[in-house]
2 protein chains.
Amino acid sequence: MNIIEKQSGAAFKIQKGQRLKVVDPKGEQVSDMVLFNAKDKREKISSGKTLDFEENILITKGDFLWSNRSNKMMEILEDTNGRNDFLLAPCSPETFKIMYGNNDYHPSCFENLYTNLKKFDIEPDDIPTAFNIFMNVQFQPDGKLSVDPPLSKAGDYVIFKAQMDLVVGLTACSAEDSNGGSFKPIHYEILE
Amino acid sequence: MNIIEKQSGAAFKIQKGQRLKVVDPKGEQVSDMVLFNAKDKREKISSGKTLDFEENILITKGDFLWSNRSNKMMEILEDTNGRNDFLLAPCSPETFKIMYGNNDYHPSCFENLYTNLKKFDIEPDDIPTAFNIFMNVQFQPDGKLSVDPPLSKAGDYVIFKAQMDLVVGLTACSAEDSNGGSFKPIHYEILE
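Everything in this summary refers to the structure shown in the same document.

Scoring rules and cut-offs
Residues numbered from 1 in each chain as written. Chains lettered and ligands numbered in written order. Predicted model: local features only at pLDDT ≥ 70, side-chain atom pairs only at ≥ 80, totals over all residues. Heavy atoms only, no water. Axes fitted to C-alpha atoms, helices over the stretch in contact; angles between N-to-C directions. Helix = DSSP H or I, 4+ residues; strand = E, 2+ residues; numbered from the N terminus. Parallel < 35°, antiparallel > 145°, perpendicular 65-115°, else oblique. Left-handed = near helix turned anticlockwise from the far one by under 90°. Contact = heavy atoms within 4.5 Å. Buried < 20%, exposed > 50% of the residue type's maximum accessible area, 1.4 Å probe, protein only. Polar contact = N/O pair within 3.5 Å; in protein donor to acceptor, adjacent residues only side chain to side chain. Salt bridge = Lys/Arg side-chain N within 4 Å of Asp/Glu carboxyl O. Least-squares fit on C-alpha atoms with pLDDT ≥ 70 in both. Buried area = accessible area lost by both parts, 1.4 Å probe. Nonpolar A, V, L, I, M, F, W, Y, C, P; charged D, E, K, R; others polar.

### Some details on the packing of helix H2 (residues 93-100) of chain A against helix H1 (residues 47-54) of chain B
Item 1. Between H2 of chain A and H1 of chain B, whose axes approach to 10 Å, the crossing angle comes to 25°. One way to sum up the angle between H2 of chain A and H1 of chain B is to call them roughly parallel. Of the two elements, H2 of chain A crosses H1 of chain B, and the hand of that crossing is right-handed. Between H2 of chain A, through Glu-94, Thr-95, Ile-98 and Met-99 of chain A, and H1 of chain B, the contact on the second element is made entirely by Lys-49, Asp-52 and Phe-53 of chain B.

### Some thoughts on helix H1 (residues 47-54) of chain A
Item 1. Most of H1 of chain A sits out of view: 8 of its 8 residues are buried.
Item 2. Among the residues of H1 of chain A, those classed as buried are Ser-47, Gly-48, Lys-49, Thr-50, Leu-51, Asp-52, Phe-53 and Glu-54 of chain A.
Item 3. Where H1 of chain A is buried, its residues meet strand E5 (64-66) of chain A together with helix H2 (93-100) and strand E9 (145-148) of chain B.
Item 4. One side-chain oxygen at the N-terminal end of H1 of chain A lies 3.4 Å from the backbone nitrogen of Gly-48 of chain A; it belongs to Ser-46 of chain A.

### With respect to the pattern of salt bridges
Item 1. According to the stated counting rule, one finds 14 salt bridges over all chains in the structure shown.
Item 2. Arg-42 of chain B is the salt-bridge partner of Glu-123 of chain A, the closest N and O atoms lying 3.7 Å from each other. A residue pair is termed interchain when its members come from two chains, as with Glu-123 of chain A in the loop between helix H3 (109-117) and strand E7 (131-133) and Arg-42 of chain B in the loop between strand E4 (31-37) and H1.
Item 3. The shortest N-O distance in the salt bridge between Arg-69 of chain B and Glu-43 of chain B comes to 3.8 Å. Of this pair, Arg-69 of chain B sits in the loop between strand E5 (64-66) and strand E6 (72-79) while Glu-43 of chain B sits in the loop between E4 and H1; the two residues are 26 residues apart in sequence, bridging distant segments of the chain.
Item 4. Arg-69 of chain B sits in the partly exposed class, given a relative accessible area of 27%.
Item 5. By relative accessible area, Glu-43 of chain B is classed as buried at 3%.

### Quick notes on unusual backbone geometry
Item 1. Its identity is not glycine, yet Gln-7 of chain A carries a phi of approximately 55°, on the positive side.
Item 2. Position of Gln-7 of chain A among the secondary structure elements: in the loop between strand E1 (2-4) and strand E2 (9-14).
Item 3. For Gln-7 of chain A, a relative accessible area of 22% puts it in the partly exposed group.
Item 4. At Glu-55 of chain B, a residue that is not glycine, the phi angle is positive and equals roughly 55°.
Item 5. Turning to its location among the elements, Glu-55 of chain B is positioned in the loop between H1 and E5.
Item 6. Taking relative accessible area as the criterion, Glu-55 of chain B reaches 36% and is therefore assigned partly exposed.

### Some remarks on the relation of the copies chain A and chain B
Between the two copies of the chain lies a rotation about an axis combined with a shift along it.
Item 1. Under the fitted operation, chain A is carried onto chain B by 0.0 Å of movement along the axis and a turn of 180°, and the coordinates agree to an RMSD of 0.0 Å. Expressed as a symmetry operation, the mapping of one chain copy onto the other fits a two-fold axis.
Item 2. Residue by residue, 97% of the interface of chain A is reproduced at the interface of chain B, so both copies engage with the same surface.

### Some thoughts on the interface of chain A and chain B
Item 1. Taken together, the contact pairs 35 residues of chain A with 34 residues of chain B.
Item 2. With both chains or domains summed, chain A and chain B bury close to 3,000 Å², and 55% of this area falls on carbon and sulfur atoms.
Item 3. Applying the counting rule to chain A against chain B returns 6 salt bridges.
Item 4. Between Asp-125 of chain A and Arg-42 of chain B there is a salt bridge, with its nearest N and O atoms 3.9 Å apart.
Item 5. If you look at where chain A meets chain B, you find 14 residue pairs in polar contact (both at pLDDT 80 or more).
Item 6. Contributing elements (two or more residues each) for the side of chain A that touches chain B: H1 and H2 of chain A.
Item 7. Top element by residues in the side of chain A that touches chain B is H1 of chain A. It accounts for 6 residues.
Item 8. Considering only residue class, the side of chain A that touches chain B consists of 14 nonpolar, 11 polar and 10 charged.

Okay, here's the thing in structure tokens:
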């Protein structure tokens, strides 16, 4: 089991057919995940394509994560919590500045993704909207969005099965709103 | 007034401060719009950033369209219809193949965007999730999505004000589901 310390991130490769288990070890924590085709990094995870093909805002067990080229990247095999978000971009320095009036340095999923993905020649501008595991974004009939504390309990996990060779970026979220104000680690494991 | 013929597209530059009026001349037609910073095309319209900063799924008058670098690209000054979509990727050949079982050639917003944007050195992989003007995507509390006929009537329009120099890609949508099965033109005008 690999540990992503609070407010940090990781990036790694997994092969087609391998499974990725992402665990919330303490509960109420979020993990932003981005995916790239390991053989051509211009192909990457797409919120717009996934919501279109799955015909649902809420992506969970039985669904696929699709790429900008309309290929399947991951299948969700298990999801013990069942609530994830695929609407909102990873928190970035501007998130804290524009939305919370915080002009000081603040760690962010965006920074933690691009610094870890740099070793795969992926640049900040290449980071797409992430699949936000365990993130609890509620929407009202008028479209109003709110970022609520995650519903995940200690030990909740999601298992993904890779549909192609992938580069994965993964974080332990840095935003107060996403995890009820307490920063926590995320664990992950690659299973054969 | 410029005319985008049915199932086709256009791409053009507009300058900061200019306004873009997009008109549905016959009613019940959709126009997919993508935006790029004219001075650095790696900066582009972002659904994830826009939904995050505007805290709403439904983007309309008074809202801004934001970039992947957290900058404002457009302000929506007027929106006589009031329903647009920013969840779904532009229809592509794979949309018709995967969702509708159509293996024959079918025009698509994706093709009409990248062929028109090619003159600005923008490639297919650079096309992000578009802001889908007049598109009527309904969502249920369980997240289920449906693409319903647009609510727009003949003459409805949206006026955007550019917040930076932009390259704009714009279509008259090619998908049966987006426009109630009838393909129609889209009109647009650049106003000082």
